[in-house]
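Spelled out from the first residue to the last, the chains are:
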Amino acid sequence: LEEIISQTDQMPQANRLITHFHASRQPAISIEDYLLRVVKYSGCSGECYLMALIYIDKLSEKNPQFIISSLNIHRLLLTSIMLAAKFHDDHYYNNEYYAKVGGITLREINALEAQFLHLVHWDLCIEADRFMRYKGELLANISPEENGEELMEQ
């Protein structure tokens, strides 16, 4: 993910779609540390994290002018994980909780949720074959020490 962000950050800024996800400057916390924080406090099932990645891909597919960058990845991750938990898990936290976990206000998380849903055309369904393809690709690209299979079974 960090490799993709470093590449997209170098792309020209013209014609980019600017949204609520875009910060005015890059957050001080690394993508990895932010994601670890969200994972630690979200209490989501393992499937939610993979669903969140698929949701981000859906957003990119439906909005080619939306470029994922260091200015928006943190908020994209938080919002997509929250939506995956709401869509998939029986028990999940409210928006206020996710806002605190993500270091943003309730008003911001509400706006991010609404805009994300709009950008994916309210399509949170994931076909089983797409989910399994992403899972296979993810597991094939991580080392056993990273224990991806264990994360998917949480």
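Bear in mind that the values here come from a model prediction, so they are computed numbers and not experimental data. (Residues numbered from 1 in each chain as written. Predicted model: local features only at pLDDT ≥ 70, side-chain atom pairs only at ≥ 80, totals over all residues. Heavy atoms only, no water.)

Glancing now at the overall build of the protein. When helices and strands are counted, the protein shows eight helices and zero strands. Put simply, the protein runs from its N terminus to its C terminus through helices and strands in the order α-α-α-α-α-α-α-α. The buried share of the protein, taken over its 154 residues, is 43%. Partitioning the intrachain contacts of the protein with sequence separation of at least 6 by distance along the chain shows that 82% fall at a separation of at least 24. In the form shown here, the protein has an accessible surface area of approximately 8900 Å², with 53% of it arising from carbon and sulfur atoms. (Helix = DSSP H or I, 4+ residues; strand = E, 2+ residues; numbered from the N terminus. Buried < 20%, exposed > 50% of the residue type's maximum accessible area, 1.4 Å probe, protein only. Contact = heavy atoms within 4.5 Å. Areas by Shrake-Rupley, 256 points an atom, 1.4 Å probe, with all protein chains shown as cover.)

What follows is about the packing of helix H4 (residues 73-88) against helix H5 (residues 95-102). Relative to each other, H4 and H5 sit at 150 degrees, their axes nearing to 11 Å. Judged on the interaxial angle alone, H5 and H4 are roughly antiparallel. For the crossing formed where H4 meets H5, the hand is right-handed. Of the residues in H5, those in contact with Leu 78, Met 82, Ala 85 and Lys 86 of H4 are Asn 95, Tyr 98 and Gly 102. Looking at the contact of H4 with H5, its residues break down into four nonpolar, two polar and one charged. (Axes fitted to C-alpha atoms, helices over the stretch in contact; angles between N-to-C directions. Parallel < 35°, antiparallel > 145°, perpendicular 65-115°, else oblique. Left-handed = near helix turned anticlockwise from the far one by under 90°. Nonpolar A, V, L, I, M, F, W, Y, C, P; charged D, E, K, R; others polar.)

With that settled, consider the confidence of the model for the protein. When pLDDT is averaged along the protein, the result is 85; 80% of the residues meet or exceed 70. Of the regions scoring below 50 in pLDDT, residues 148-152 engages in 11 contacts with residues more than four places distant in sequence or in other chains. (pLDDT = per-residue confidence, 0-100.)

To continue, consider the pattern of salt bridges. Any two side chains of opposite charge can pair, so long as their charged atoms come close to each other. In total, this model carries five salt bridges according to the counting rule given. One salt bridge in this structure joins Asp 123 and Lys 62, with 3.8 Å as the shortest N-O distance. With a gap of 61 residues between them, Asp 123 in the loop between helix H6 (106-119) and helix H7 (128-140) and Lys 62 in helix H3 (residues 46-62) connect regions that are remote in the sequence. What makes Lys 62 partly exposed here is its relative accessible area of 32%. The salt bridge partner of Lys 86 is Glu 113, with a shortest N-O separation of 2.7 Å. Here the residue Lys 86 occupies a position in helix H4, and Glu 113 occupies one in helix H6, the gap between them amounting to 27 residues. The network of salt bridges with shared partners includes Lys 58, Lys 62 and Asp 123. (Salt bridge = Lys/Arg side-chain N within 4 Å of Asp/Glu carboxyl O.)

What follows deals with H7. Look at H7: 18 Å from first C-alpha to last across 13 residues, which is about the 18 Å you get at 1.5 Å a residue. Where H7 is concerned, the buried positions are Arg 130, Phe 131, Tyr 134 and Lys 135. All buried residues of H7 fall inside an arc of 135 degrees around its axis, so they share one side. Residues of H7 that are exposed and angled more than 90 degrees away from the buried face: Ala 128, Asp 129, Met 132 and Ala 140. (Expected span 1.5 Å × (residues − 1). Arc of directions from axis to C-beta.)

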